[in-house]
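Analysis of the macromolecular model
One letter stands for each residue in the lines below.
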Amino acid sequence: MFCEYYDSGRCGSCTIIETPYPQQLAHKQARVAALLEPLAPGLTWLPSVASRPTEFRTKAKMVVAGTIDAPTIGILDAQGEGQDLRECPLYPAGLAAAFPHLATFVTLARLEPYSVPHRRGELKHVLVTLAPNGDLMVRWVLRSTEALARIRKHLPWLMEQLPRLTVASVNVQAEHKAILEGDTETVLTDRETLTMTVNGVDLHLRPQSFFQTNTDVAASLYRQASTWIDEAAPASLWDLYCGVGGFALHGAAPGRPVTGVETSAQAVASARRTRDDRLAGGDSAMEQVSFVTDDAVAWAVRQADAAQAIVVNPPRRGLGEELSRWLDGSGASTVIYSSCNPDTLARDMAWMPSLTAREARLFDMFPHTTHGEAAVVLQRR
Ligand SMILES: C[S@@+](CC[C@H](N)C(=O)[O-])C[C@H]1O[C@@H](n2cnc3c(N)ncnc32)[C@H](O)[C@@H]1O
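Fair warning: this is a prediction, and the values are worked out from it, not measured in the lab. Sequence positions are assigned chain by chain, starting from 1 and proceeding in written order. Given that the model is predicted, a residue must reach a pLDDT of at least 70 before its local features are reported, and side-chain atom pairs must reach 80 or more before they are shown or counted; all residues, however, enter totals for whole chains, interfaces and linings. The side-chain quantities take in all heavy atoms of the structure and omit both hydrogens and water.

**Section: the UniProt feature "active site" (unreviewed entry) in the protein**
Put simply, the rule is: UniProt positions are given in the numbering used here, feature names are shortened, and annotations may be inferred rather than shown by experiment. Strands here are runs of E lasting at least two residues and helices are runs of H or I lasting at least four, both read from the DSSP assignment and numbered beginning at the N terminus. In this analysis, two residues are considered to be in contact whenever any of their non-hydrogen atoms come within 4.5 Å of each other.
Those residues carrying the UniProt feature "active site" (unreviewed entry) are C340 in this numbering. Position of C340 relative to the elements: it lies in the loop between strand 15 (334-339) and helix 11 (342-350). What C340 contacts, discounting residues up to four positions off in sequence, is P315, R316, G372 and E373.

**A closer look at the nonpolar core**
For soluble globular proteins, nonpolar side chains are generally found buried alongside one another. What counts here: Take the buried residues of types Ala, Val, Leu, Ile, Met, Phe, Trp, Tyr and Cys, join any two whose side-chain atoms come within 4.5 Å, and each joined set is a nonpolar core. Each residue gets one of three labels from its accessible area relative to the maximum for its type: buried under 20%, exposed over 50%, partly exposed in between, using a 1.4 Å probe on protein chains only. These domain boundaries are the output of an automatic or database domain assignment.
Grouped together as the largest cluster of nonpolar side chains are 43 residues, with contacts concentrated most on L194, M196, L203, L205, F211 and F291. Mapped onto this core, the elements with two or more residues apiece are strand 9 (194-198), strand 10 (201-205), helix 6 (215-232), helix 7 (246-251), helix 8 (265-280), strand 13 (289-293), strand 14 (309-312) and strand 17 (373-380). Looking at this core, the element that brings in the most residues is helix 6, giving eight residues. Inspection of this core shows a minimum of three residues originating in each of domain 1 (6-53 + 210-380) and domain 2 (59-191). Other than its neighbours up to four places away in sequence, F211 contacts K59, M196, V198, L203, L205 and V244. Membership of the second largest hydrophobic core comes to 41 residues, among which are I73, V106, I151 and L165.

**Quick word on the sheet that holds strand 2 (residues 59-66)**
Using the following cut-off: Any two strands are treated as partners once DSSP identifies two or more bridges connecting them. Note on geometry: axes are lines fitted to C-alpha atoms, helical ones only across the stretch in contact, with angles between N-to-C directions running from 0 to 180 degrees.
Ordered by their spatial adjacency, seven strands build an open sheet running 4-3-2-5-6-7-8, and the pairing between neighbours is mixed. Each edge of the open sheet is held by one strand with a lone partner, namely strand 4 (82-84) and strand 8 (184-187). Here the strands of the sheet are splayed against their neighbours by 40 degrees on average, with no regard to which way each runs. Taken together, the four bridges between strand 2 and strand 3 (residues 71-76) define a ladder with antiparallel strand orientation. Across the sheet, the residue bridging to G66 is P71, located in strand 3. The strands touched by helix 4 (residues 98-108) within the sheet are strand 2, strand 3, strand 5 (123-130) and strand 6 (136-142), with strand 3 carrying the most contacts at an inclination of about 115 degrees. Strands in contact with helix 5 (residues 148-161) are strand 6, strand 7 (165-172) and strand 8; relative to strand 7, the strand with the most contacts, it is inclined by about 165 degrees.

**Section: the packing of helix 2 (residues 21-36) against helix 11**
Just so we agree on the cut-off: Small angles under 35 degrees read as roughly parallel and large ones over 145 as roughly antiparallel, with 65 to 115 read as roughly perpendicular and the rest as oblique. The sense of a crossing depends on the near helix, which, turned anticlockwise from the far helix by less than a right angle, makes the crossing left-handed and, turned clockwise, makes it right-handed. Residue polarity follows a fixed list, in which Ala, Val, Leu, Ile, Met, Phe, Trp, Tyr, Cys and Pro are nonpolar, Asp, Glu, Lys and Arg are charged, and the others, Gly among them, are polar.
At a minimum axis distance of 9 Å, the contact between helix 2 and helix 11 shows a crossing angle of 20 degrees. Compared by their axis directions, helix 2 and helix 11 come out roughly parallel. Seen from above, helix 2 lies across helix 11 with right-handed handedness. Residue-level inspection shows R31, V32, L35 and L36 of helix 2 in contact with helix 11, the latter providing P342, D343, L345, A346 and M349. A breakdown of the residues in the contact of helix 2 with helix 11 according to their chemical character gives seven nonpolar, no polar and two charged.

**Some points on the site of the ligand**
The test is simple: If a single non-hydrogen atom of a residue is within 4 Å of a molecule or strand, that residue counts as near it. The definition of a polar contact used here is a pair of N or O atoms within 3.5 Å, where within protein one atom must be able to donate a hydrogen and the other to accept one, and adjacent residues in sequence count solely through side-chain atom pairs. Computed with a 1.4 Å probe, the accessible areas rest on the Shrake-Rupley method; for each residue, only the protein chains presented here act as cover.
Close contacts around the ligand come from 16 residues, with Y222, E262, D295, A296 and N313 the closest. Interatomic distance of 2.7 Å between a side-chain N/O atom of D295 and a nitrogen atom of the ligand. Considered on its own, the ligand offers 590 Å² of accessible surface; in the complex 89% of this is hidden by protein. Residues that form the shell around the ligand fall into these classes: eight nonpolar, four polar and four charged.

Set out below in structure tokens:
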């Protein structure tokens, strides 16, 4: 893929951009298959799910740098100076069209970009999410609340430029550390959630909740998990690390108790809202669906009995030994492990010798990088 930023040496984020996309996909598949082969000889790999090679990132995490009158929106270079990436080909038109207005907003609201080398300034990042229906969520990550009043004052201007701007918020991240966002969030719009409709399921995203980076590929992932759950037809289902409930809501069925577990109370509130809306619409599959705010490991090991099928979708660090070994010794007959890190996936599977990996599939959420999402269905021997 041609990218002016890569070719001119201004951005190196897409480390394998020079490799033709079909080869990228084949290499990723081969790498994850090689990692799992010793643990699961004869594992069946379903055809990889490819992404669109451009315009697939529905979530933009842009560093703001430069000056109030000439801000950059993109990344920092090795010297800590800003590189503007507003025309990055990974972003769909709905995000690309928003970036120039967000840059103008910096000037209008006099938001001083934070300078990492000088430890001065207020605005660190602008985080933008695009919903499938074209709605936008914009979050400004600030060092303090100093600029909050000016953001409020000029927000109506921004909403005029971006009529699909549905949720706007300010996050405060006071520390001089490479952390994307802090704990404190102030929502500035009447609406607090962006509706991400995936396979007909309305997932309600609040500012601080996780959502997959590539909505189209995420939709394929949820469909695959639904197929594996349908094949297992479990009497009960857990979705550990459930976020806003994608797997749990796709795996619900009449008469099936489903529990999602997640540490983010905001994400749990969103998942409950989807369940309640669907219940109100007469969807009987939601009658036994519940969501719990808790640590997945602590919660799971406290339960007297495991669900018959368990979906796990942890962050890059994986499940770890305690939960992996607990799953291995539990009564679950099916485990679906969706992972964005093949190394921790392979490590965790080694702690589950009683479960056999039956089928797996690569979901390419992150083209032009070596990262990929792999999902595996394991069954008790
Ligand atoms: C890779 S995301 C997956 C989210 C969700 N399954 C989805 O499809 O969008 C991992 C999720 O795990 C949550 N998380 C992180 N540590 C956790 C823990 N110890 N217990 C439960 N959830 C945790 C994060 O907040 C995040 O929502």
